[in-house]
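These are the residues of each chain, in order.
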Amino acid sequence: MLRARGGDGGPPGRNGSDAAAPYAALAKARRTGEYRRGMPWDVEGFVASLGSRSDHTKRAYEHDVREFTAWAERGGCPDPEAADRRALRRYLGYLDTRAFARRTIARKAAAVRAYLRYLHRHGEVTVDAGRTLRTPKGEARLPRVPRRDEAVAMLDAAQAAAAEALPGEGDDRVAGALARRDVAVLELLYGAGLRVSECCGLAVTDFDLKRRLVTVLGKGSKVRRVPIGEPACGAVAEYAARGRPVLAGPDSPPDRLFLNRRGRALGPRDARRILDAHPLPDGRTLHPHALRHAYATHLLEGGADLRAVQELLGHADLATTQIYTHLTRDRLRAVYEATHPRA
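Residues numbered from 1 in each chain as written. Predicted model: local features only at pLDDT ≥ 70, side-chain atom pairs only at ≥ 80, totals over all residues. Heavy atoms only, no water.

## Quick look at the overall build of the chain
Here is the rule: Labels follow the DSSP assignment, with helices taken as runs of H or I lasting at least four residues and strands as runs of E lasting at least two, numbered in each case from the N terminus. Note on classification: 1.4 Å probe, protein chains only; a residue is buried when its accessible area is under 20% of the maximum for its type, exposed when over 50%, partly exposed between these limits. Only heavy atoms enter the contact rule, under which two residues are in contact if any of them lie within 4.5 Å. Throughout, the Shrake-Rupley method with a 1.4 Å probe supplies accessible areas, and for residues the shown protein chains are the sole cover considered.
Each helix and strand counted, the chain has 16 helices and 3 strands in total. A total of 343 residues make up the chain; the buried ones form 41% of that total. By sequence separation, contacts in the chain at least 24 residues apart represent 58% of the contacts at least 6 residues apart. For the chain, the accessible area works out to roughly 19700 Å², and carbon and sulfur atoms hold 51% of it.

This is the structure in structure tokens:
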């Protein structure tokens, strides 16, 4: 796809911005036919069409689609019109020969389907060959979650470490601020079931500590309000008062609550390091998402309604939440078999 050249001394758009230039160039190329003579696959336009999806999703879709277009060109498909259903089936066979897992093949096929749907919608192909493409679904992988006592022990240990941190000066002062931040992050991941991206993106103004609520911007820019407990409220208040001011610097984002050691916005990798620094009692470390799984599982084990848990997690589809019912059934069966004399 043709791109407007920004930052090379070229004139800006009439409105003072270069933002619309790439789209104008693409429209002109399509009118004149230069688009088809140049790069007909239009992967950039497809990625731009994904809109409010997360950056991670966009990168994954772009990678999968570029992998497909590279294979297609090597296999004799000069443009999307030549990528018919037979070609798509050959591509799935090619992925299978590379020993990809069925779940991975299904994900790559979903990206290709979305891409071809985009091309058909924009008139670049006459037939949406991906519409009838089907792939076998992989076996559902149930997440491994910590037990209640393990999660509580991990949080108690983090809280104790933060309580022992003295105000101090220099590195000791920073260490104390980081310890308070870690407690607040852990309490929100487990106590509110937040996705790691949701937690990292929180602002101080997202909290209503008197009513014990946090406003979360979730997937697809959907907003939900989630209740939080006293431990999470206390940890957030403590960090906001005595932790964040220590970490903040001149380049710190004013709208982000959680900062890393360098004063920048906390990212998912930083959150992963927090979990690595706070293992379970047996030494196992968790992925941040495991605490979200634990949140849902422990709610259902305690008798929470499935639809209530769906709302709390921000799931668009109840089927996504139902995976946790399998987890609770498996755990209850394990308890039954281990304790009942007639099991």
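## Some remarks on the sheet that holds strand β2 (residues 213-217)
Put simply, the rule is: Two strands form a pair only when DSSP identifies at least two bridges running between them.
Ordered in space as β1-β2-β3, the 3 strands form an open sheet in which the pairing is antiparallel. Strands at the two margins of the open sheet, each flanked by one partner only, are β1 (207-208) and β3 (223-227).

## Concerning unusual backbone geometry
Its identity as a non-glycine residue notwithstanding, D42 has a phi of 55 degrees, on the positive side. By secondary structure assignment, the location of D42 is in the loop between α2 (34-37) and α3 (43-48). Classification of D42 as buried rests on a relative accessible area of 1%. Even without glycine at this site, A99 takes up a positive phi of about 65 degrees. Looking at the element boundaries, A99 is found in the loop between α5 (85-97) and α6 (102-121).

## Structural notes on the pairing of β3
A one-sided burial pattern is seen for β3, the buried positions being R224 and V226 and the unburied ones V223, R225 and P227. Sheet topology note: the β2/β3 ladder contains 5 bridges and is antiparallel. For L213, the partnering residue across the bridge sits in β3 and is P227. Connecting β2 to the next strand, β3, in antiparallel fashion are 5 residues, including G220 with a positive phi near 65 degrees.

## Observations regarding the side chain of H298
The cut-off we apply is this: Polar contacts, as used here, are pairs of N or O atoms within 3.5 Å; protein pairs need one atom able to donate a hydrogen and one able to accept it. Residues neighboring in sequence count only if both atoms are side-chain atoms.
Take H298: it is sitting in helix α13 (residues 288-301). Engagement of the side chain of H298 in a polar contact is seen with the backbone oxygen of P146, the distance being 3.0 Å.

## A short note on the environment of Y324
One can find Y324 in helix α16 (residues 323-339). Judged by its relative accessible area of 4%, Y324 is buried. On a C-alpha basis, the gap between Y324 and A294 in space is 9.2 Å, while along the polypeptide they are 30 residues apart. Beyond its immediate stretch of four places on either side in the chain, Y324 contacts H293, A296, T297, L300, L313 and H315.

## Looking at the packing of aromatic side chains
Defined as follows: What counts as a ring pair is set by centres within 6.5 Å for rings of Phe, Tyr and Trp (its six-membered ring), and what kind of pair is set by the plane angle: stacked under 30 degrees, edge-to-face over 60, tilted for all other angles. Lysine and arginine charges are scored as sitting over a ring when NZ or CZ, respectively, is within 6 Å of the ring centre and within 35 degrees of the ring normal.
Following the criterion strictly, the structure yields 10 aromatic pairs and no others. Within the aromatic cluster, the residues linked to one another by ring pairs are W41, F68, W71, Y91 and Y94. Stacked on the ring of F100, the Lys or Arg K108 has its end atom at 5.1 Å from the ring centre.

## Considerations on the packing of α13 against helix α14 (residues 306-313)
Condition: Here, axes are lines fitted to C-alpha atoms. For helices the fit covers the stretch in contact, and angles between N-to-C directions go from 0 to 180 degrees. The labels follow the angle: roughly parallel below 35 degrees, roughly antiparallel above 145, roughly perpendicular from 65 to 115, and oblique for the rest. Take the far helix as the reference: if the near one is turned anticlockwise from it by less than a right angle, the crossing is left-handed, and if turned clockwise, right-handed. Lys, Arg, Asp and Glu make up the charged group, whereas Ala, Val, Leu, Ile, Met, Phe, Trp, Tyr, Cys and Pro make up the nonpolar group; the residues left over, Gly among them, are polar.
Between α13 and α14, whose axes approach to 10 Å, the crossing angle comes to 155 degrees. Classified by the interaxial angle, the pair formed by α13 and α14 is roughly antiparallel. Regarding α13 and α14, the two cross each other, and that crossing is right-handed. Here α13 contributes R292, Y295, A296, L299 and L300 to the contact with α14, which in turn contributes L306, V309, L312 and L313. Of the residues contributing to the contact of α13 with α14, the split by class is 8 nonpolar, no polar and 1 charged.

## Quick look at the packing of α5 against α6
Contact pair α5 / α6: the axes reach a minimum separation of 10 Å and the direction vectors enclose 155 degrees. Our classification of the angle between α5 and α6 gives roughly antiparallel. Crossing angle aside, the handedness with which α5 passes α6 is right-handed. When α5 is examined against α6, the residues L88, Y91, L92, L95 and D96 are found in contact with a partner set consisting of I105, K108, A109, V112 and L116. Of the residues assigned to the contact of α5 with α6, the class counts are 8 nonpolar, no polar and 2 charged.

## Quick word on the environment of D255
Along the chain, the position of D255 falls in the loop between α11 (244-247) and α12 (268-277). Each C-alpha atom of the pair D255 and D206 lies 9.9 Å from the other, and the pair is 49 residues apart in sequence. The contacts of D255, once residues within four sequence positions are left out, are L202 and A203.

## Some points on α12
Which entries qualify depends on this criterion: Starting at the helix axis, one direction is taken to each C-beta atom, and the arc is that of these directions.
When α12 is considered as a whole, its buried residues turn out to be D270, A271, I274 and L275. The buried residues of α12 occupy an angular sector of 145 degrees when projected down its axis, which confines them to one face. Turned more than 90 degrees off the buried face of α12, the exposed positions are R269, R273 and A277.

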